[in-house]
Amino acid sequence: MPKYVVRNLILFFVVLVGLGVLFSTASLTGDKPKEIDLSTLAAQIGRDEVKSIEIRGNELRIALKDGTAQEAVKESGDSLVSALRDFGVEPEKLQAVELAVKEPGGFSYWMSVLLPIILPFLLIGGFIYLMMRNVQGQNMRAMMFGQSSAREVPKDGKNRVTFKDVAGVKEAKEELTEVVDFLRNPKKFSALGAKIPKGVLLMGSPGTGKTLLARAVAGEANVPFLHISGSEFVEMFVGVGASRVRDLFAKAKKTAPCIIFIDEIDAVGRQRGAGLGGSHDEREQTLNQILTEMDGFEPNAGVIVLAATNRPDVLDPALLRPGRFDRRVVIDPPDLNDREEILKIHAKKKPLAADVNLRKLAERTPGFSGADLANLMNEAAILAARKDKTEVTEAMLLDSVEKVMLGPERKSYVMNDHEKKVTAYHEAGHALVAHFSKHADPVHKISIISRGFAAGYTIKLPTEDKRMHTKSEFIDDIAVMLGGYVAEKDIFNELTTGASSDLRKATSLAKDMITRFGMSDVLPPRTYGEHEEMIFLGKEIHSQRDYSEKVAQQIDEEVAALIQNGKAQAEKIIREQRAKMDKVVEVLLKNETIEKEEFAALMA
Ligand code: ADP
Ligand code: MG
Ligand code: ZN
């Protein structure tokens with residue numbers, strides 16, 4: 001039961017009890033006659049003290065000869081005369097008393113008669129009333145469904161974001177500056193007959209600043225910003241999404257010039273027809289409505305639709321047609337310089353210690369997105385506050401890097417000595433294979449402190465940002481991933497569950513090499529498995545098979561060969577370098593972590 005129903009019910013009963021109390025006190029007010037019991041009455045009659053008795057139902061009003069009034073109650077259904085006789089009153093004495101039988105009356109009497117009849121009706125009535133109210137509330141909400149729940153960020157909002165707050169993403173900014181110009185000065189463009197794009201699609205992996213950039217456009221142009229997330233269109237009821245879209249565009253036209261920002265548009269903009277089950281009908285309708293609306297407004301109406309997605313590959317081609325989202329802006333993951341810039345932006349209000357070098361930090365964080373970097377700065381500040389320091393030091397920042405990468409340290413996860421030894425050999429295995437494989441990234445840190453799900457970890461960092469990867473790198477990577485497994489197997493002649501995530505990663509890399517990158521020597525260079533997505537019961541089903549059973553077998557063999565090679569490579573290194581491995585393990589067991597320099601010294 002919803003909370004408010006319970007509250008109403010409670011209120012209802014409180015009122016009822018209140019009324020009851022009121023009634024009972026109402027009959028108590030006034031000069032109350034003394035109440036006596038029947039035996040006393042019998043005795044009084046015996047003593048000839050009673051003048052008259054008035055009988056109303058079961059109530060007796062007794063007038064004594066000395067003028068005092070009394071009250072008594074008799075058993076219901078029992079006549080007074082027989083009751084008094086049972087109390088031993090002689091009939092002669094009783095005859096001397098005036099007995100008057102009257103219709104029962106009075107408020108409490110009527111209440112006692114009526115309440116049992118009325119109360120159920122009252123309760124039922126009250127209950128029905130509550131239900132009605134409830135249903136009405138739901139109706140109201142159902143009516144609201146069709147309205148878009150877009151949040152409007154007013155143009156002079158306190159948290160106005162501009163391009164200054166977005167580091168890197170140069171090309172995207174240039175592209176969007178055009179949009180800003182148009183929103184600021186639409187006449188300049190329309191006078192020349194130029195059509196401004198209606199829609200701009202921002203594409204980039206999660207956390208690269210798509211949402212931030214969209215807000216910056218609104219901030220730069222100083223126009224209102226209607227923000228809605230694609231998933232908000234999709235509701236339980238069919239047709240709601242479409243009507244929300246209509247409402248959103250109507251609202252936008254009223255506030256023009258303005259920006260509509262549809263975040264995570266892939267939630268509604270997936271390819272139509274792809275998917276099983278009921279949910280795609282609703283999505284299709286919503287998507288159709290978006291397309292219709294975008295076609296419907298004039299190019300220079302002053303409404304620009306920005307949309308963001310991290311899955312451009314699943315978008316419906318109709319969305320990308322000219323006249324809709326014809327501008328597409330790719331937002332790359334930040335490179336070294338961008339990372340430094342982003343760190344600078346997020347370090348602004350945080351007092352940094354003199355030893356902090358943001359460039360160095362940027363070097364330590366390849367693959368971090370803007371959101372990761374913001375998170376890293378924030379974690380470091382939290383750490384400083386928790387340690388009651390006034391500055392954020394380099395050590396805190398480096399600690400936060402690992403926290404963002406691997407999850408928080410799990411101090412409570414205590415390993416016994418054997419587990420520690422196994423973990424140390426496992427990590428040393430990774431590190432050694434990485435060190436002695438030509439194409440693997442250099443080792444930055446080894447640790448047997450557990451973080452997140454990992455019992456220990458080895459951090460390797462590329463010497464420079466890489467956009468492309470080679471087959472040799474992948475081959476070495478597989479060997480490094482298997483380094484932990486091989487070390488455990490070689491040293492302890494026994495395996496643990498600790499290698500499972502390494503094995504999963506190695507398998508998926510090997511599979512990708514064969515089926516996506518054409519890195520097989522045997523199979524012709526093509527892709528295997530259509531990476532088209534289907535949605536069935538909310539679950540994505542990947543890769544339909546587009547090759548024969550025979551090829552499937554070859555793929556399996558190729559993947560197995562890659563893994564076997566990697567294993568052999570790891571075994572060779574670990575067996576040859578056993579002495580160095582023992583040294584690394586010794587230091588690990590003593591200090592728990594080994595930094596880059598110390599590792600290099602051990603390897604020398
Ligand atoms: P997306 O929408 O691409 O998933 P967001 O725009 O929500 O990512 O980014 C999340 C946060 O990360 C932002 O609020 C911002 O603090 C930070 N961030 C991401 N990219 C940048 C950037 N290029 N410059 C500054 N901060 C960034
Ligand atoms: Mg976003
Ligand atoms: Zn491992």
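Residues numbered from 1 in each chain as written. Chains lettered and ligands numbered in written order. Predicted model: local features only at pLDDT ≥ 70, side-chain atom pairs only at ≥ 80, totals over all residues. Heavy atoms only, no water.

A. Highlighting the overall build of the protein. A tally of helices and strands in the protein yields 21 helices and 16 strands. Split into buried and exposed, the 604 residues of the protein put 40% on the buried side. Contacts spanning at least 24 positions in sequence make up 73% of the contacts within the protein whose residues lie at least 6 apart. A total of about 33200 Å² of accessible surface is found on the protein, and carbon and sulfur atoms cover 55% of it. (Helix = DSSP H or I, 4+ residues; strand = E, 2+ residues; numbered from the N terminus. Buried < 20%, exposed > 50% of the residue type's maximum accessible area, 1.4 Å probe, protein only. Contact = heavy atoms within 4.5 Å. Areas by Shrake-Rupley, 256 points an atom, 1.4 Å probe, with all protein chains shown as cover.)

B. Spotlight on unusual backbone geometry. If you check the backbone angles, Asn 222 has positive phi at about 60° while not being a glycine. Position of Asn 222 among the secondary structure elements: in the loop between helix H8 (210-221) and strand S8 (225-229). Residue Asn 222 is classed as partly exposed on the basis of its relative accessible area of 31%. Of note, the phi angle at Glu 264 is positive, near 50°, even though the residue is not glycine. Following the sequence through the fold, Glu 264 ends up in the loop between strand S9 (258-263) and helix H10 (266-269). By relative accessible area, Glu 264 is classed as partly exposed at 34%.

C. Here's a closer look at helix H9 (residues 240-255). Taking 1.5 Å of rise per residue, 16 residues should cover 22 Å, and H9 covers 23 Å from first to last C-alpha, within 8% of that figure. Val 240, Gly 241, Ala 242, Ser 243, Arg 244, Val 245, Leu 248, Phe 249 and Ala 252 are the residues of H9 that are buried. (Expected span 1.5 Å × (residues − 1).)

D. Examining the coordination of the zinc ion (ligand 3) more closely. Looking at the zinc ion (ligand 3), the protein donor atoms are His 426 (NE2), His 430 (NE2) and Asp 502 (OD), and they sit 2.0 to 2.1 Å from it. Ordering the donors of the zinc ion (ligand 3) by residue number gives the pattern H-x3-H-x71-D. Of the two residues, His 430 sits in helix H16 (residues 417-436) while Asp 502 sits in helix H18 (residues 500-515), which places them 72 residues apart along the sequence. By relative accessible area, which is 9% here, His 430 ends up buried. (Donors = N, O, S within 2.8 Å, 3.2 Å for Na, K, Ca; no water.)

E. The arrangement of the environment of Phe 453 in detail. Looking at the secondary structure, you find Phe 453 in the loop between strand S12 (443-447) and strand S13 (457-460). You can call Phe 453 exposed: its relative accessible area is 87%. Taking the C-alpha atoms as reference points, Phe 453 and Glu 409, 44 residues apart in sequence, are found 9.7 Å from one another.

F. Just the sheet that holds S13, in detail. In space, the three strands of this open sheet follow the order S13-S12-S16, with antiparallel pairing throughout. The strands lining the two open edges of the sheet, one partner per strand, are S13 and strand S16 (593-595). Within the sheet, the average angular offset between the axes of one strand and its neighbour, ignoring direction, is 10°. Relative to S16, S12 is paired through three bridges, and the arrangement is antiparallel. Note on S16: the bridge partner recorded for Ile 446 is Ile 594. (Pairing = 2+ DSSP bridges. Axes fitted to C-alpha atoms, helices over the stretch in contact; angles between N-to-C directions.)

G. Geometry of the pattern of salt bridges. Tallied over the entire structure, the rule returns 24 salt bridges. A salt bridge links Glu 71 to Arg 61; the shortest N-O distance between them is 4.0 Å. Here Arg 61 lies in strand S3 (residues 59-64) and Glu 71 lies in strand S4 (residues 69-73), a separation of 10 residues in the sequence. With relative accessibility at 13%, the residue Glu 71 sits in the buried group. Sharing partners across several salt bridges, the network here consists of Asp 399, Glu 402, Glu 409, Lys 445, Arg 451 and Glu 595. (Salt bridge = Lys/Arg side-chain N within 4 Å of Asp/Glu carboxyl O.)

H. How the structure looks around the side chain of His 430. A distance of 3.0 Å separates the side chain of His 430 from the side chain of His 426, its partner in a polar contact. Each residue touching His 430, except ones within four places of it in the same chain, is listed here: Thr 458, Val 480, Met 481, Gly 483, Gly 484 and Asp 502. (Polar contact = N/O pair within 3.5 Å; in protein donor to acceptor, adjacent residues only side chain to side chain.)

I. Region of interest: the sheet that holds strand S2 (residues 50-56). Read from one edge of the open sheet, five strands run S1-S4-S3-S2-S5, paired in mixed fashion. What marks the edges here is a single partner per strand, and that holds for strand S1 (34-35) and strand S5 (98-102). Seen against the sheet, helix H2 (residues 38-46) touches S2, S3 and S4 and runs at an angle of roughly 145° to S2.

J. Spotlight on the pairing of strand S7 (residues 199-204). Counting buried positions over the six residues of S7 gives six, a clear majority of the element. Covered by surrounding structure in S7 are Gly 199, Leu 201 and Met 203 together with Val 200, Leu 202 and Gly 204, the residues of both alternating faces. Looking at chain direction, S7 and strand S10 (residues 303-309) are connected through five bridges and run parallel. Bridging from a neighbouring strand, Met 203 pairs with Thr 309 of S10.

K. Focus on the packing of helix H14 (residues 370-386) against helix H15 (residues 394-406). Relative to each other, H14 and H15 sit at 125°, their axes nearing to 8 Å. The orientation of H14 with respect to H15, classified from their angle, is oblique. Every pair of crossing elements has a handedness; the one defined by H14 and H15 is right-handed. On H15, the residues that touch Asp 372, Asn 375, Leu 376, Met 377, Glu 379, Ala 380, Leu 383 and Ala 384 of H14 are Met 396, Leu 397, Asp 399, Ser 400, Val 401, Lys 403 and Val 404. Grouping the constituent residues of the contact of H14 with H15 by class yields nine nonpolar, two polar and four charged. (Parallel < 35°, antiparallel > 145°, perpendicular 65-115°, else oblique. Left-handed = near helix turned anticlockwise from the far one by under 90°. Nonpolar A, V, L, I, M, F, W, Y, C, P; charged D, E, K, R; others polar.)

L. Spatial organisation of the pairing of S9. Counting buried positions over the six residues of S9 gives six, a clear majority of the element. Of the two faces of S9, the one carrying Cys 258, Ile 260 and Ile 262 and the one carrying Ile 259, Phe 261 and Asp 263 are both buried. One ladder, built from five bridges, connects S8 with S9; its direction is parallel. Within S9, the position partnered with Ser 229 by the bridge is Asp 263. When S9 meets S10, the two strands line up parallel, connected through five bridges.

M. Structural view of the site of ligand 1. In the neighbourhood of ligand 1, 15 residues make up the surrounding shell, with Ala 167, Gly 207, Lys 210, Thr 211 and Leu 212 lying closest. Separating an oxygen atom of ligand 1 from a backbone N or O atom of Leu 212 is a distance of 2.9 Å. Between ligand 1 and His 346 there is a distance of 2.9 Å, counted from a nitrogen atom to a side-chain nitrogen or oxygen. Protein chains shield 80% of the accessible area of ligand 1, which is 560 Å² for the free molecule. (Near = heavy atom within 4 Å.)

N. Structural detail: a positive patch on the surface. A grouping of Arg 160, Lys 164, Lys 348 and Lys 349 is seen on the molecular surface, where their side chains present a positively charged patch. Among the secondary structure elements, Arg 160 is positioned in the loop between strand S6 (151-153) and helix H6 (170-184). (Patch = residues over 30% accessible without salt bridge, like charges linked within 9 Å, V, L, I, M, F, W, Y side chains within 5 Å. Lys, Arg positive; Asp, Glu negative; His and termini not counted. Charge placed at Lys NZ, Arg CZ, Asp CG, Glu CD.)

O. Seen up close, the side chain of His 444. For His 444, the location among the structural elements is in strand S12. Only 3.5 Å separates the side chain of His 444 from the side chain of Arg 364, close enough to count as a polar contact. Contact partners of His 444, with chain neighbours within four places excluded, come to Arg 364, Ile 459, Lys 460, Leu 461, Ile 594, Glu 595 and Lys 596.

P. Spatial organisation of H2. Taken residue by residue, H2 has Leu 38, Leu 41, Ala 42, Gln 44 and Ile 45 as its buried positions. Projection of H2 onto a plane perpendicular to its axis shows the buried side chains occupying an angular sector of 160°, all on one side. Buried residues in H2 make contact with S2, S3, S4, helix H3 (80-86) and helix H4 (91-95). (Arc of directions from axis to C-beta.)

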